[in-house]
Amino acid sequence: MTTSAIPANSPMGPGGAPILGTPVAGPAVPTVQVPGLTERLDGLDRLVEVGRGRLDQPLLDDAGALLDRAGQRLRLSGEHTVVTLAGGTGSGKSSLFNAICGLELSPTGVRRPMTSKAHACVWGLDGAGPLLDWLDVEKRHRYARASALDMERADSSLQGLVLLDLPDHDSIQALHRAEVDRFVTIADLLVWVVDPQKYADAALHRNYIVPFARHTGVTLIVLNQVDRLGPDEIEDCAADLRRLLEAEGLTHPRVVTTSAVSEDGVTGFRDILVDTVAARRARSERLSADVDRVAERFAVHRYTAEPPVTIEEDRQLELVQSLTDAAGAPAVAEAMESAYELRAADFVGWPVAALIDRLRSDPLRRMRLTELREELRNAFTGPIGAQQGDVDNALHTVTDGVAAELPPPWVRSVRAAARSHAVEIPEALGESLKAALPTFNQVPRWWWLIKTWQYFLVLVAVLSVAWIGLLVVYGLLDAGGDDPPGLVGEAGLIPYVAVLVVCTLGMGWLTSSACRNLVALSSAKHGDKMELHMNEGIERVAEQKVVAPVTAELELYARFRRDVDTALGRTGR
């Protein structure tokens, strides 16, 4: 007589066995829409894409392998449930395999290990071939339990079951252990067969039970060979096994007792298989557990605090100011003010004063304007508009505020995003300053009017001096005889014409002085306006080359957080 040790609050199936995948009854909760398996796999796929270059490669490799494996399994038969019987040497799993199949399909005996390759027994052949090919079960080790030759003994209640007998996990043969390792990662239901003497085997618990503790829902522990124990000993042994499993992290572990040599010794185990096959949920529950296991490793990089969405405004202003200083925009604006004043002097200056300056043979004045024009004209035609070191200093602390609230991989990626265009920034700053410079052939209209007026006054002054000369010649020296021309023969007009000359020269000087004051005011406004335009250009460079990449990285992190929730099956937080 055998007994089944199960949790007291577990729902029962036929024969007193716990039903696979049936949740423990609890308080009623509101119905919420949780992500399905396909959505969770899609979320995990996005996590792998985002994680490239940011997260550890082994994590990405494991997630990629799971996605490949899940995609392959979902494309194969969903009508079949793959159940593995795994255990150590002498646990009796092959005898249990034969007892469930009702035939001697897997070799048993004293010599160990007897099973060197996985043996498969299939109930229902439709669609099983590609699945067995994917499981890589050799054709000579495949058995069809419901074949036409075996209809009398066929068990329709197990229709859809693919039962696998695996080699011993503690075999001295490395190939046998590798076979077990492969199947425990792809089976829909993991059945670990233990015996009363070695159920606490360290190798089993360390290598398989503990690493797959999150897979409690698709893991079954079979305490076999209980025919060697008394009724009280069975209960004590099963209770101790459950205690050990709970201590290793399994929540409500499912334990069933069996005996392959006793009458009805495998009834409870068989009932669990019947319920599992009928539910058709083992495949999705196994994949969900695998996704849980990998997604939790991504969740380490998901902080609960809401992430920032961009660089703080104060730091953006600080960045723009630093880039402005690095590009030398204030100096350029000041130089342009000087160039503006010098160029204005060519138009609104008093030509008489300019002639006197030329007569004094001072070449520095002309050189100053010419060199300044050429210097400003060519200042930004090269590839360098600012020193790379100054730009690097400006970028050094720009992300400190946002990085403090991010996990380490994203701190690195955000800082890398801030510096992603560092080598392009000097040239971009130069181009922005160059675009802000006015073209040198643009001259205000009033400059032309003043220049015309000044030359008109010069012409009047020159004509007036010539008139005085004629008055002296004809009026005082009587060069014209007794009847000189009226306007040049009256010597008394000389004082009046002299006054005209003085007034003309004075008007020219006053006009030049007034215009110089206007030019000074205009140049200051011109410099401020141009500095504003340069600042706008530098702000665009900072936005495009620094702020936008950082913002895009922060948006990726926000999506990463949502995808972690999706992969974990959360409803959204």
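Residues numbered from 1 in each chain as written. Predicted model: local features only at pLDDT ≥ 70, side-chain atom pairs only at ≥ 80, totals over all residues. Heavy atoms only, no water.

(A) Examining the overall build of the protein chain more closely. From N to C terminus, the protein chain includes 20 helices and seven strands. Entry remark: accessible area of the protein chain is about 28900 Å², with carbon and sulfur atoms responsible for 56%. (Helix = DSSP H or I, 4+ residues; strand = E, 2+ residues; numbered from the N terminus. Areas by Shrake-Rupley, 256 points an atom, 1.4 Å probe, with all protein chains shown as cover.)

(B) View of the confidence of the model for the protein chain. Of all residues in the protein chain, 81% attain a pLDDT of 70 or more, and the chain-wide mean is 81. Contacts for the low-pLDDT stretch residues 109-113, under 50 throughout, to residues beyond four places or in other chains number six contacts. (pLDDT = per-residue confidence, 0-100. Contact = heavy atoms within 4.5 Å.)

(C) Quick peek at the packing of aromatic side chains. Here the structure, examined in full by the defined rule, presents six aromatic pairs. Between Tyr557 and Phe560, the aromatic rings sit 6.3 Å apart at their centres with planes inclined by 20 degrees, giving stacked as the arrangement. One end of the pair, Tyr557, and the other, Phe560, are both in helix H20 (residues 494-567), three residues apart, so they sit about a helical turn from each other. By the burial criterion, Tyr557 is buried, and Phe560 matches it. (Phe/Tyr/Trp six-rings, centres within 6.5 Å; stacked < 30°, edge-to-face > 60°. Buried < 20%, exposed > 50% of the residue type's maximum accessible area, 1.4 Å probe, protein only.)

(D) Summary view of unusual backbone geometry. With phi around 60 degrees, Asp136 is a residue other than glycine that occupies positive phi space. Looking at where Asp136 falls in the secondary structure, it is placed in the loop between helix H4 (128-135) and strand E3 (142-144). Residue Asp136 is classed as exposed on the basis of its relative accessible area, which comes to 53%. A positive phi is found at Gln225, a non-glycine position, where the angle reads about 60 degrees.

(E) Representation of the pattern of salt bridges in the model. Scanning the entire structure with this criterion turns up 25 salt bridges. With a closest N to O distance of 3.6 Å, Arg182 and Glu179 form a salt bridge. With Arg182 and Glu179 both in helix H5 (residues 174-184) and three residues apart, the pair spans about one turn of that helix. One salt bridge in this structure joins Arg570 and Asp565, with 2.9 Å as the shortest N-O distance. (Salt bridge = Lys/Arg side-chain N within 4 Å of Asp/Glu carboxyl O.)

(F) Layout of the environment of Asp292. Among the secondary structure elements, Asp292 is positioned in helix H9 (residues 282-299). Accessibility expressed as a relative area gives 18% for Asp292, which makes it buried. Along the backbone, Asp292 and Arg214 are 78 residues apart, and their C-alpha atoms lie at a distance of 7.8 Å. The contact partners of Asp292, leaving out residues within four places of it in the chain, are Arg40, Arg214, Ala567 and Leu568.

(G) A look at a nonpolar patch on the surface. Together, Trp453, Phe456 and Met507 line one region of the surface with nonpolar side chains, adding up to about 290 Å² of accessible area. Within the secondary structure layout, Phe456 lies in helix H18 (residues 445-476). For Phe456, a relative accessible area of 44% puts it in the partly exposed group. (Patch = residues over 30% accessible without salt bridge, like charges linked within 9 Å, V, L, I, M, F, W, Y side chains within 5 Å.)

(H) Fine view of the environment of Val274. Tracing the sequence through the fold places Val274 in helix H8 (residues 267-279). For the pair Val274 and Gln159, spaced 115 residues apart in the sequence, the C-alpha separation amounts to 8.5 Å. Residues contacting Val274, with those up to four places away along its chain left out, are Ser157 and Leu158.

(I) Structural detail: the sheet that holds strand E7 (residues 255-257). Sheet architecture is open: seven strands sit in the order E3-E2-E4-E1-E5-E6-E7, paired in mixed fashion. The open sheet terminates on both sides in strands that have one partner only, identified here as E3 and E7. Across the sheet, the mean angle separating the axes of adjacent strands is 20 degrees when strand polarity is ignored. Strand direction decides the pairing type here: strand E2 (residues 119-122) and E3, joined by three bridges, are parallel. (Pairing = 2+ DSSP bridges. Axes fitted to C-alpha atoms, helices over the stretch in contact; angles between N-to-C directions.)

(J) View of H4. Considered for burial, the residues of H4 that qualify are Ala128, Leu131, Leu132 and Leu135. Here the buried residues of H4 occupy an arc of 95 degrees about the axis, which is enough to place them on one side. Buried residues along H4 sit against helix H2 (57-75), strand E1 (81-87), E2, E3, strand E4 (161-165) and H5. A positive phi of about 60 degrees marks Asp136, the residue just after H4. (Arc of directions from axis to C-beta.)

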